[in-house]
Amino acid sequence: MPYILGIETSCDETAAAVVENGRHILSNIVNSQIDIHRLFGGVVPEVASRKHVENIGLVVEKAIAGSGLTMADLDAVAVTNRPGLIGALLVGLSFAKAFAYGLNIPLITVNHLYGHIYANIIEHPHIEFPAICLVVSGGHTSLLLMENESDYQLIGETLDDAAGEAFDKVARFLGLGYPGGPAIQKAAESGQPGRYSLPRVFLNRSDLDFSFSGLKTAVMNQWRKAQQRGEAHVNDMAAEFQRALVEVLVEKTMEAAKRYKAQSIIMSGGVAANSLLRELMMSRGQESGRPVYYPSLSLCTDNAVMIAGAAYPMFVQGRFAPLNVNAQASL
Ligand code: KG4
Ligand code: ZN
């Protein structure tokens with residue numbers, strides 16, 4: 001106890017999960033729309049909303065059935081209401097409101113980014129604080145100083161593209177498909193970084209902010225020149241791009257950890273699934289004597305377990321949302 005049903009529809013996954021006590025995962029259903037959006041080379045917001053409407057009932061039904069519970073056993077319904085695609089968010093939020101009203105149980109609204117962070121707390125119950133948390137998703141790239149599980153302060157962020165967005169845009173430009181992160185990672189496996197030379201943007205600055213749009217432009221310029229010379233090797237470009245982006249994420253995170261005397265490092269969001277990022281952060285963390293935590297692959301990308309988990313402390317504190325609460329596209 002308590003049993004919380006989580007619902008997540010902020011982008012292109014329709015997800016529902018039941019989590020007990022904020023930690024024990026009873027079910028985790030994710031219906032991905034990737035195959036549909038791939039046809040368009042990226043997420044089409046209106047298509048995403050429509051697909052959420054089609055799928056949400058079944059996804060929630062499966063999550064409850066898979067948990068071994070019945071609707072009557074649920075103690076609360078938690079839903080992502082910010083940030084995200086507004087139409088997509090509204091589908092999950094409207095469903096959750098009706099569900100909460102129908103069952104006469106509390107509604108809890110969750111910040112999607114806090115959900116990503118909480119994925120770590122579900123899987124690693126003994127994280128040492130203060131911690132530096134790198135949130136890297138399709139829409140966000142931020143560094144947070146976390147004093148404990150729920151108090152955090154923004155200490156750096158991207159001034160333009162998010163890391164995942166850069167992966168997606170570069171993959172699209174190189175013809176590697178959607179979503180870009182896994183496609184670039186795969187191409188890079190058989191490529192050589194260093195054949196092209198891309199900038200490590202902002203590493204020379206003392207602040208903890210990021211910028212990835214210049215890196216994307218550098219890829220485009222060098223790629224066109226390489227094509228003219230007949231020396232365009234897509235796997236090598238993918239490998240250099242991945243390394244240039246990951247090195248900046250790792251070095252800035254390590255700098256933040258040093259500056260704020262952090263005891264540990266946490267990574268979350270879809271880009272935290274990247275194998276080079278995991279590997280480099282882990283080895284730099286070991287060098288500096290700080291443990292590095294990241295969620296298992298299934299909890300890195302969008303899911304509802306992290307939403308049900310993040311709602312648990314709010315449930316305990318009685319922080320419930322009224323039924324007229326709205327969705328917010330941005331924070
Ligand atoms: O957290 P997420 O599932 O959704 C958002 O909240 O945005 O993150 C999606 C992003 C996409 O940009 C995707 O390309 C990226 O995460 N991603 C990756 C990998 N897997 C997903 N980026 C790099 N390497 C990966 N293996
Ligand atoms: Zn996300």
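Structure's up top.
Residues numbered from 1 in each chain as written. Chains lettered and ligands numbered in written order. Predicted model: local features only at pLDDT ≥ 70, side-chain atom pairs only at ≥ 80, totals over all residues. Heavy atoms only, no water.

1. Some words on helix H8 (residues 234-259)
Next, step 1: A rise of 1.5 Å per residue sets the reference length of H8, with its 26 residues, at 38 Å; its end C-alpha atoms lie 38 Å apart and thus fit the reference within 8%.
Next, step 2: Residue lysine 261 follows H8 closely and has a positive phi angle near 50 degrees. (Helix = DSSP H or I, 4+ residues; strand = E, 2+ residues; numbered from the N terminus. Expected span 1.5 Å × (residues − 1).)

2. Observations concerning the pattern of salt bridges
If the charged atoms of two oppositely charged side chains come close together, the side chains can form a pair.
Next, step 1: A complete count under the given rule lists 18 salt bridges for this structure.
Next, step 2: As a salt-bridge pair, lysine 51 and glutamate 54 come within 3.0 Å of each other at their nearest N and O atoms. You can see lysine 51 and its partner glutamate 54 sitting in helix H2 (residues 45-67), three residues apart, about one turn around the helix.
Next, step 3: Lysine 51 sits in the partly exposed class, given a relative accessible area of 23%.
Next, step 4: The structure contains a network of salt bridges with shared partners spanning Asp161, Glu165, Lys169 and Lys216. (Salt bridge = Lys/Arg side-chain N within 4 Å of Asp/Glu carboxyl O. Buried < 20%, exposed > 50% of the residue type's maximum accessible area, 1.4 Å probe, protein only.)

3. Topic: the pairing of strand E4 (residues 76-82)
Next, step 1: Within E4, six of the seven residues are buried, leaving the element largely enclosed by the surrounding structure.
Next, step 2: Alignment of strand E1 (residues 3-8) against E4, held across four bridges, turns out to be parallel. In the strand pairing of E4, isoleucine 7 is matched with valine 79.
Next, step 3: Here five bridges tie E4 to strand E5 (residues 107-111), and the two strands are oriented parallel to one another. Across the sheet, the residue bridging to valine 77 is leucine 107, located in E5.
Next, step 4: The handedness of the E4 to E5 crossover, carried by helix H3 (residues 86-103), is right-handed. (Pairing = 2+ DSSP bridges. Right-handed = clockwise from strand over helix to strand, strands pointing away.)

From the geometry alone we can't say anything about function, so treat these as descriptive.
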